[in-house]
Structure formats: structure tokens, C-alpha cells
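One letter stands for each residue in the lines below.
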Amino acid sequence: MMSNVTLEVNSVRKTIRKREIIKDINFTVRKGEVFGFLGPNGAGKTTTIRMLVGLIKPTAGSIRICGYDVKKDYKKAMQHLGCIVENPELYPFLSGWNNLLHFARMLPNVGEERMMEVVKLVGLEQRIHDTVKTYSLGMRQRLGIAQAMLNRPKLLILDEPTNGLDPAGIREMRQFIRMLAEEEGMSVLVSSHLLSEIQLLCDRVAIITKGEIVKVGTVSDLLSVQERMSWRVEPIELGKEVLRSLTEVMETEDGYVLTSFDEEETPKWNKALVKHGVKILEMNRRLPTLEDLFLELTDGGGAGIE
Amino acid sequence: MSNLIQNEMMKLLAKKRLLIIGVIVAVLIILFTYAQYKQAEEQREKLGTDDWRTAVQQQIIDIQNRLSSSRMLDEWREQLQVTVKQQQYYLDHNINPSEPGAATFTRMFIENASSLFIPLLVMIVASDLVSSESSQGTIKLLLTRPVLRWKILMSKYITLLLSISIIVAMTGVLAYALSGVVFGYHGWNAPIITGFTVEAGNVDTSGVRLISQWQLLLMDFGLVWYIAVVVGTLAFMLSVLIRSTPAGMGIMLAALISGAILNNMVSSWESAKYFFMVNLQLTNYLSGVAPPIEGMTLLSSVLILFVWWLAALIVSFIVFIRKDVY
Amino acid sequence: MSRWRVRIVTVFSALLGLLWIGCLSWAIVDYYHGEASGVEDLSAQPIEKRPDEFIVVALGDSLTRGTGDETGKGYVGTVTEELEKKFDHPITVQNLGIKGLVSAQLAEQVQEREVKRQLQRADAILVTIGGNDLFQKGETLLNLDSTKVSKLQKNYLVHLDAILSTIRQNNSSAQLFMLGLYNPFIELDENGELNAIVRQWNNETAEVLAKYEDMVFVPTFDLFQLSVNEYLYSDKFHPNSAGYRLMAERIAPLIEWEAKDDE
Ligand SMILES: Nc1ncnc2c1ncn2[C@@H]1O[C@H](COP(=O)(O)OP(=O)(O)OP(=O)(O)O)[C@@H](O)[C@H]1O
Ligand SMILES: [Mg+2]
């Protein structure tokens, strides 16, 4: 069972200048899964990730990467890790290749062959000998991933990897990450403040807010709870009445009627509307907003977005 | 470790720092060469002869005239008297204190550059070795490798030592090569007197001896290198402590300049001799110039600098190993 | 290729580093344990003198230095200018004047090897000395005491004799011009006591000079006698530009260039 866990976080806390920024965090990441780290701005995602990669030291608790304690077995732990924290900041005055060379020299047994491999993997063959100054953001992002992959890590940690990418870039990145997990068997930890991204990309997710993990679970479990159905019907009053007789109903300002989503029930409601002569113009599955999710998870309590 | 040092050297060379320093040095040397040339020419015109003895005699007379004016700080007076006595000694023994030639120019340049100019050049490298990684954010990639932090810092420190060695050599070579165009490439074997000791404004000549200029030149280089290492290490420490390169440079610059000022006025403040910046004129001990504070010796200065060096190094390593990187 | 450059620079700088460490240790060890071998005298060659060169060496006190002259030339500078006009040829001047010099110090100065060497090649030698011996920065004036003055004078004359004989030993042919003293305090000197002392001082000086060949005593007393304030600097002791000019105009016509005349 142990060998199946690539990252183990045990009651980690961090206090900076008497402010408790991370309060007792626990989670594990398993082999071959994409793990999402979801939270609003300032939730503590980056801070947690910095502790995972050894940049800052936890005030309390332990972190293990592939069974090696980051504090005690720093070198071994780091050998199994690849990461990009926040932006992929590389040396702008060196060429892409020399950047890779620089990091390869810091790793055991990484030679030119492997460097070539990762360059191909991220598709930078054309521009690899240009200086990084001349790279676009997307290319820097790819070079960042390339350097993180140099040591064939078992665990890849990416902090907001789609930050600043255009939709095509985001899709490409998503496919790439899924490929790493599915084909190479890597564990990937991805942080994001976008629910949609996590939903499309991850297998499991931890939701963090104000330095606390409020929930860990599979994406389908967590996100389907709050999934809704939105209807555009005509006449609207009649449609609402019909639906209300079957389930709970809300109305939005822009003229949609919201109900819960349930694979069993929804077709029945549809049939009932048709039967009453209500025209269905549109019907959509609606993802909950992050706000909705937090409200739900914290029982509508104080934990909203700051 | 050799890999890490090569990384650091690669970055240093890619940033063209040494090249920039080389250009600065070259420009300054050309300026000084020209100034020196002008001065020599003017002197020749004034004295009507090339004869160095006449020139030295005139220098002595000029200083004696300055000494005879009563409004003068005692320290200044003492300093001038020492100079007169040394010049007289050279004259009496028929040895030219500044044999014309590139070798003499190089020695003078390096002696004058030792307490401010070369430390400044070294700061250009030292100040951003660590802080540039912090401000660029690349430190996050550097410190998430399976390499212990002290090794990374050590590789940077060794790189600093290597660049200091290059900068010192570069200054010497450029000074010789450029000034030689004007003054001629000779003077290595010119006799030089060392071993003057100065005590209470008196020059003791009992320990003097004659060495060749190249010997003194090499010793000067050794001392200048040491000064550069100490100042470089202090700048390096600031680079670890402070994220912003300009702030670190500013602090160091202030310290060096205050040292230059203090040198002229601390003679009555004895504990000032524990400041590193008052001890930077090591080459003066060899040429027999009185130290700024009574009782300072070559050994005491070297030891005080050593303590500063060690402290700076220890602080750098402890802070770097322990600090949280945001 | 760039990798090789990095490697070469690294190795090279490491070697340099070792060299500097070596030099550093050498410097420290040598400073404390170097054998004091002393410095042997390298023999001085006489300064070669071009046959067409006319050299003036000026010795003495603040008057030689030119203190008080706003133009900075002093009488030496003006004499030089006059001579250049007269000979129509550039002239080399060595001004060895030191402010506040007294005859005893000058006697020492002319013993210095380099000064002797300068004297050896001189064509003309200008001297001002004695003013500081007599006036002692004005102290003599405040308490005039004839026995003290005669003692000062006796010492002065001994030194003067020594100075002149040293000069002659080193240079048997140069013309020497020595300026006499004037009385800067003539206005304060109501009963003429100090005047008498200065006159006597000058007479004795002239007597000493007379013992040597080609030494000329050039009086200045009369120059300042009638309108002393017009020719004194604001310190009321040194001449001003005009005063120096008077002195120079008196000496310049006396100096001859024999070699040139021979042509
Ligand atoms: N060096 C620091 N000193 C003090 N407080 C800090 C420091 N770094 C982070 N914080 C605080 O810790 C909290 C978490 O910050 P963190 O950067 O981890 O958030 P995040 O979840 O990554 O947010 P984002 O989505 O904006 O990247 C914030 O409230 C921040 O103000
Ligand atoms: Mg963040």
C-alpha cells in the first residue's frame, strides 16, 4: 500500500509572523492520479506547495515524498520530485538548452539524452537554442515543465499551470498532464482556483480555504452534489408550476429555472413539461460556482471567497 | 560540486559581468594613463629636465613649504613629514621611487585602487550572486533539486572567489598593457625600497631593503586580492540577507565610502580600527605609509579583516540554509 | 563550445586564485621576516647639462619661494623672465626655497647630496637668507636687545660662511647673488634702532661674501626705505609683486652668460 502513495502530508502547519497561514493539513496523493488543489486566492495553496518542495519549512507536521521525509531525507525526497512553483522563472539570459543543462547538472544521472527526450516531450525542438528572453509565455511554461521532468519524477507538482495560457494552450496543457498520469504513471498535483479546470483535469481534489482543507474526495463525488439543471421554458409560469410539483425550483434573474440534477429524475420532469404543453427551448447541466461549493461545504457558514 | 561551479560560471559569463568590469577598468586606466602622462609632461616643462632626482627634490621642497605653514592638522603634518623623509631616503640612495614604465604605473594603480575601486568592481559580481536569483525567482528552481543548500551556496561562493581572482588579474594585465603604450613596457626590475616603519611620525629606516618592483607588485596583488575577498564576502552576505540587489550594493557602497572618509579623520578615535573599511589600505604597510590610526599594523589589519570575513561567511551560510524562500 | 569556454575560464581563474593566495602569504611573511639588508648606495651620475643650457638655482627662504607675490612668481620668477628676454633663450630654474628657512637649515640643505648635485651644474645661484634669523617672525622687534642680536648675527655669519664655502666647493665658477635684508618694520622704528641693526647685518654679510670670488651682494634696503608700505604684502613683512619686481630688476642686469658671450 505504501508504495502506492507518492505524497503524504501529515498535520502540516505553518505560522508566519504569528499568523497561522496553514492550519493542520492532511492529504495523500496516489500513484498515477492527477490530484487537484482547489481554493480561492489567498487560501494557502502556494504556501502549502512551497512546503511540499522544501522551500519553506513547516512549523509542525511531516511531508513524505515516495516515503522519504522532506526534512530528514531531503536529497532522496527531491530526487523523486519535479515542480513549478508559481511562474516558471528560468534564466532569461541563457538559452533554453543551457537552462536545461544547468538543472541537469544538479541531478544524478541526467545526461544529454534525457535532455533531448524532455525537449521532444514538450515540443520545443525548434527554439531550444534561443535565449529564454525571446520565448513566449507558453514556451516558457513548456520549458518549465521540461526542466521539471528531467529527473523522471514520480511526483510532479504544478502551481496554477494554466495561468496566463490561452484556451488552446490550456487544452494542450490539460491533455499533456493527463497523458503524464495515464501513460507515464506519474502523480501530478495541480493547484488552481478554477473549478472547471479541476473538474476537467483531476481524479481527486482537496478543497482548501483560509489555510484549512475542508474536503478531500473524488471529483465526481464532490462536484456532482451541487450540479444543477437549468431550463429555459415557455410559458415560464406554467413551466415553473409543473416543475415545482415535482421538485424544488429556483428562478434566476435572466429567466432560467433551476432544479437539481438527477440522472433518474430529470427525464421524467422533461416528459411532464412536454405533456403540459410547455415548450423547452434549452436545457443545460450547470456546474456549481466555487462560491456555491464553499457555501455547501461549510454549511452556508462564514467561509466564502475573500 | 564541480558541476555546480560550472553552472555558476556559465551564468556569470552569460551575464557578461566580467566583460563589463573589464570595460570599466580599461576606461579608467586610459583616463589615468592620460592624466599621468600629462602630469609628467608638465613637470618636465616646469623643471626643464627629465632627471628624476630634480623632480623628487622639487617634490620635497614643495612639501616642506606646505609643512611650514602653521595651519595644518597634526596628522597631516606627520603624514607629510613621513613622505619627505622617505623621498629623501630614496634621493640619498639614488633610487628612483617611481621609475617610469608600465610596471610602475601598474603598481601605483593597483595601490590606489585597492581600497575603493577594486572592491567596487567586486561588488558588481558579489552583490547579485544570490539576490539576483531571489529577485528573478530562479532560486525556487535552484533549491528544489536533490542538492543540499550549503552546497549551492558554496558553489556560488567559490565562483565569487574565482571571479575576484580574475578581476584582480584583469586589472593588472589591463593596467600594464594599456599604460605600456605610453610609458613603455618596462620597469619590472626597478629597485624599490620596502621595510620603512612609521612610528609616531618618525620613519625608521633600520629595516629597509631593496627589492625588485615585480616582487612588490606581486605582494601588492596578493594583498589586494585579500581585500577584495573580504569586501566581496561582505557583499555576498548582504546578497543573501537582502533580496534586492541595489539595496545590498547601496549599503556596501556607503560602507566603503565612509571608510575612505574615516581614514582621513579617525586618528583620534582608536576603536575605529575595528571597522573593516578602515583596514583596507594594506598595500600602504609595504610602501611605508603611516596607518590611519596609531598602532595599526599589517598583521592587526589582516586579522581584523579575517574576523569580518569569517563572520560574514558564517552568517551567510546559516541564513541561507535556514531561510524560508517565498 | 560555450561549455569549453566556461571550463577554461574556471580552471584559469582557479590557478590565478592560487597564485594570489601565494602572493598574499609571501607579502605577510616577507613583511615580518624579510631580512633587512639595508640599501647600498647607487652612485649618482652628475646630471648631464646641455651646452646651450643656462641654469639658475635659487636657495633660501620665503623670499626665494615668492611668498606674498599674488602672481606666484617671486623675484626668482621675474629674474628668469628678464633673463630669457635678455639672452633670448629659455632658462632652467631650480627653486629650492623653503618658507621660514634660517641659515642653519640652509647650511644643512646645501649638504644634501642632491642639492649639491644641482649646485654643481648651476650657472647662476640666487640666495636669500638671514631674514628669519634676524626678525624671528617679528619677535626681535618686540624686545630689542643688542646682546641678543649680536649673538644671532654671530651664529648667522658662521652659517653663511659655511653655506658659501660649500657652494664654492661644489661649483667654482657660478656667479652667486645674495640679496641683502630690508627693514619691513621701518615705519614702526621711530628712533632708527632697528635700521641700524639691519644695516650692520647687511654690512657683515657683504664682508663674508667678499671673501669669495664672483659673489655679489645685492642690497635691497634702499628699495624699501622710502615707501615701504607700497611694496609690502598685507602681512607687512614679505614684499608684494611690486616689491619683488624691484628686487628682480636689480639682479637681472647683473647676470651674465659667459658661454654665450664667447660665441
Ligand atoms: N511571506 C509571507 N508573509 C506573510 N504572509 C504570507 C506570506 N506568504 C503568503 N502569506 C499569506 O498566506 C496566505 C496564503 O497565501 P498563498 O500565496 O499560499 O495563497 P494561494 O492560495 O496560492 O493564492 P493564489 O490563488 O492567489 O495564488 C495569504 O493570506 C498571504 O497573505
Ligand atoms: Mg498561489
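Not measured: the values here are computed from a predicted model.

Caption draft 1: Summary view of the overall build of chain C. Looking only at helices and strands, chain C has 12 helices and five strands in total. Projected onto its principal axes, the C-alpha coordinates of chain C cover approximately 95 × 55 × 35 Å. Burial analysis of chain C (263 residues in total) assigns 51% to the buried set. Relative to all contacts within chain C whose residues are 6 or more apart in sequence, the contacts with residues 24 or more apart total 79%. The averaged location of the 39 negative side-chain charges in chain C is 9 Å from the averaged location of its 25 positive side-chain charges.

Caption draft 2: Local environment of the sheet that holds strand β5 (residues 215–218) of chain C. Residue and element names in this part refer to chain C. The parallel open sheet is built from five strands, whose spatial order is β2-β1-β3-β4-β5. The outermost strands of the open sheet, each flanked by one partner alone, are β2 (92–95) and β5. Neighbour-to-neighbour, the strand axes of this sheet turn through a mean angle of 20°, independent of strand direction. Bridge count for strand β3 (residues 124–128) against strand β4 (residues 175–179) is four bridges, and the pairing is parallel. Bridged to V127 within β4 is M178. Here helix α5 (residues 113–120) sits on the sheet in contact with β1 (55–60), β2 and β3, set at roughly 140° to β1.

Caption draft 3: How the structure looks around the pattern of salt bridges. Following the criterion strictly, the structure yields 30 salt bridges over all chains and no others. As a salt-bridge pair, E41(B) and K38(B) come within 3.7 Å of each other at their nearest N and O atoms. Of this pair, E41(B) and K38(B) are both found in helix α2 (residues 17–47), three residues apart, which corresponds to roughly one turn of the helix. Through salt bridges with shared partners, one network takes in R50(A), E86(A), E89(A) and K140(B).

Caption draft 4: Expanded view of a nonpolar patch on the surface. Residues and elements named next belong to chain B. On the surface, a cluster of nonpolar side chains totalling about 520 Å² of accessible area is made up of Y34, Y37, V181, V182 and Y185. As for its placement among the helices and strands, Y34 is situated in helix α2. The exposure class assigned to Y34 is exposed, which follows from its relative accessible area of 51%.

Caption draft 5: Representation of unusual backbone geometry within the structure. Residues and elements named next belong to chain A. For the peptide bond that leads from E234 to P235, omega is -5°, which places it in the cis range. Within the element layout of this structure, P235 appears in the loop between β11 (228–234) and α9 (236–246). Despite not being glycine, K18 shows a phi value in the positive range, around 70°. Within the element layout of this structure, K18 appears in the loop between β1 (5–16) and β2 (19–30). Looking at K18, the relative accessible area reads 83%, which means it is exposed. Although it is not a glycine, C66 sits at a positive phi angle of roughly 50°. Mapped onto the fold, C66 is located in the loop between β4 (60–65) and β5 (68–69).

Caption draft 6: View of the interface of chain B and chain C. Residue-level contacts link 51 residues of chain B with 49 residues of chain C. Buried surface at the junction of chain B and chain C, both sides included, amounts to about 4300 Å², of which 63% is carbon and sulfur. Remark: the boundary between chain B and chain C carries one salt bridge. The partner of R65(C) in a salt bridge is D62(B), and the shortest N-O contact between them spans 2.9 Å. Our enumeration of links across chain B and chain C arrives at nine residue pairs in polar contact (both at pLDDT 80 or more). Among the secondary structure elements, those contributing two or more residues to the side of chain B that touches chain C are α1 (2–14), α3 (52–67), α4 (74–92), α9 (149–183), β4 (209–212), α10 (213–241), α12 (283–287) and α13 (298–322) of chain B. It is α10(B) that provides the largest number of residues to the side of chain B that touches chain C, a total of nine residues. Here the side of chain B that touches chain C is built from residues that sort into 28 nonpolar, 18 polar and five charged.

Caption draft 7: View of the environment of P146(B). By the secondary structure assignment, P146(B) is in the loop between α8 (139–142) and α9. C-alpha of P146(B) to C-alpha of F275(B): the two residues are 129 residues apart in sequence and 40 Å apart in space. Excluding residues within four positions of it along the chain, P146(B) makes contact with K75(A), M78(A), Q79(A), M106(A), L107(A) and P108(A).

Caption draft 8: Representation of the pairing of β5(C) in the model. The sheet contact formed by β4(C) and β5(C) spans four bridges and is parallel. For F177(C), the partnering residue across the bridge sits in β5(C) and is V216(C).

Caption draft 9: The arrangement of the environment of R77(B) in detail. Looking at the secondary structure, you find R77(B) in helix α4. Given a relative accessible area of 22%, R77(B) falls into the partly exposed group.

Caption draft 10: Here's a closer look at the pairing of strand β9 (residues 204–209) of chain A. Residues and elements named next belong to chain A. Of all six residues making up β9, six are buried, and the element is well covered by its neighbours. Where strand β3 (residues 34–38) and β9 come together, four bridges link them in parallel fashion. Within β9, the position partnered with F35 by the bridge is R204. Pairing of β9 with strand β10 (residues 212–218), which is carried by six bridges, proceeds in the antiparallel orientation. What sits directly across from R204, in β10, is T218. Between β9 and β10, which pair antiparallel one after the other, the connecting turn spans two residues, and K210 there sits at a positive phi close to 50°.

Caption draft 11: Structural context of the side chain of T205(C). Residues and elements named next belong to chain C. By the element assignment, T205 lies in helix α9 (residues 193–210). Its relative accessible area of 2% is what places T205 among the buried residues. A distance of 3.2 Å separates the side chain of T205 from the side chain of Y156, its partner in a polar contact. If sequence neighbours within four positions are ignored, T205 has contacts with Y156, L157, L160, M178 and F217.

Caption draft 12: Summary view of the domain arrangement of chain C. What the domain assignment reports for chain C is domain 1 (1–39) and domain 2 (46–262). With centres defined by C-alpha atoms, the gap from domain 1 of chain C to domain 2 of chain C works out at 56 Å.

Caption draft 13: Layout of the site of ligand 1. What surrounds ligand 1 is a group of 14 residues, the closest being N41(A), G42(A), K45(A), T46(A) and T47(A). In this structure ligand 1 sits where residues from chains A and B come together. Between ligand 1 and T47(A), the relevant distance is 2.5 Å, taken from an oxygen atom to a side-chain nitrogen or oxygen of the residue. Contact between ligand 1 and E160(A): an oxygen atom at 3.3 Å from a side-chain N or O atom of the residue. Its free accessible area being 630 Å², ligand 1 has 69% of it covered by the protein chains.

Caption draft 14: Representation of the nonpolar core. The biggest cluster of nonpolar side chains holds 187 residues, and the ones touching the most others in it are L7(A), F27(A), L189(A) and F276(B). The biggest single contributor to this core is α10(B), with 19 residues. Among all residues touching L7(A), those that are not within four sequence positions of it are F27(A), T28(A), V29(A), L52(A), I63(A), R64(A), I65(A), L155(A) and L189(A). If you look at the next biggest cluster of nonpolar residues, it comprises 40 residues, including L59(C), V115(C), V198(C) and M215(C).

Caption draft 15: Geometry of the side chain of T47(A). Position of T47(A) among the secondary structure elements: in helix α1 (residues 45–52). When neighbours within four sequence positions are excluded, T47(A) is seen to be in contact with K14(A), I21(A), I22(A) and I56(A).

Caption draft 16: How the structure looks around the sheet that holds β3(A). All names here are of chain A. Spatially, β6-β7-β8-β3-β9-β10 is the arrangement adopted by the six strands of the open sheet, whose pairing is mixed. Both edges of this open sheet fall to β6 (81–84) and β10, since each of them pairs with a single strand only. On average, adjacent strands in this sheet sit at an angle of 15° to one another, irrespective of strand direction. In terms of strand pairing, β3 meets strand β8 (residues 187–192) through five bridges, oriented parallel. Bridged to V34 within β8 is V188. Of the strands in this sheet, β3, β7 (155–159), β8 and β9 touch α1, which is tilted by about 150° from β8. Of the strands in this sheet, β6 and β7 touch helix α5 (residues 137–149), which is tilted by about 160° from β6.

What counts, and where the lines are drawn
Residues numbered from 1 in each chain as written. Chains lettered and ligands numbered in written order. Predicted model: local features only at pLDDT ≥ 70, side-chain atom pairs only at ≥ 80, totals over all residues. Heavy atoms only, no water. Helix = DSSP H or I, 4+ residues; strand = E, 2+ residues; numbered from the N terminus. Buried < 20%, exposed > 50% of the residue type's maximum accessible area, 1.4 Å probe, protein only. Contact = heavy atoms within 4.5 Å. Lys, Arg positive; Asp, Glu negative; His and termini not counted. Charge placed at Lys NZ, Arg CZ, Asp CG, Glu CD. Pairing = 2+ DSSP bridges. Axes fitted to C-alpha atoms, helices over the stretch in contact; angles between N-to-C directions. Salt bridge = Lys/Arg side-chain N within 4 Å of Asp/Glu carboxyl O. Patch = residues over 30% accessible without salt bridge, like charges linked within 9 Å, V, L, I, M, F, W, Y side chains within 5 Å. Areas by Shrake-Rupley, 256 points an atom, 1.4 Å probe, with all protein chains shown as cover. Buried area = accessible area lost by both parts, 1.4 Å probe. Polar contact = N/O pair within 3.5 Å; in protein donor to acceptor, adjacent residues only side chain to side chain. Nonpolar A, V, L, I, M, F, W, Y, C, P; charged D, E, K, R; others polar. Domains from an automatic or database assignment. Near = heavy atom within 4 Å. Core = buried A, V, L, I, M, F, W, Y, C linked by side-chain atoms within 4.5 Å.

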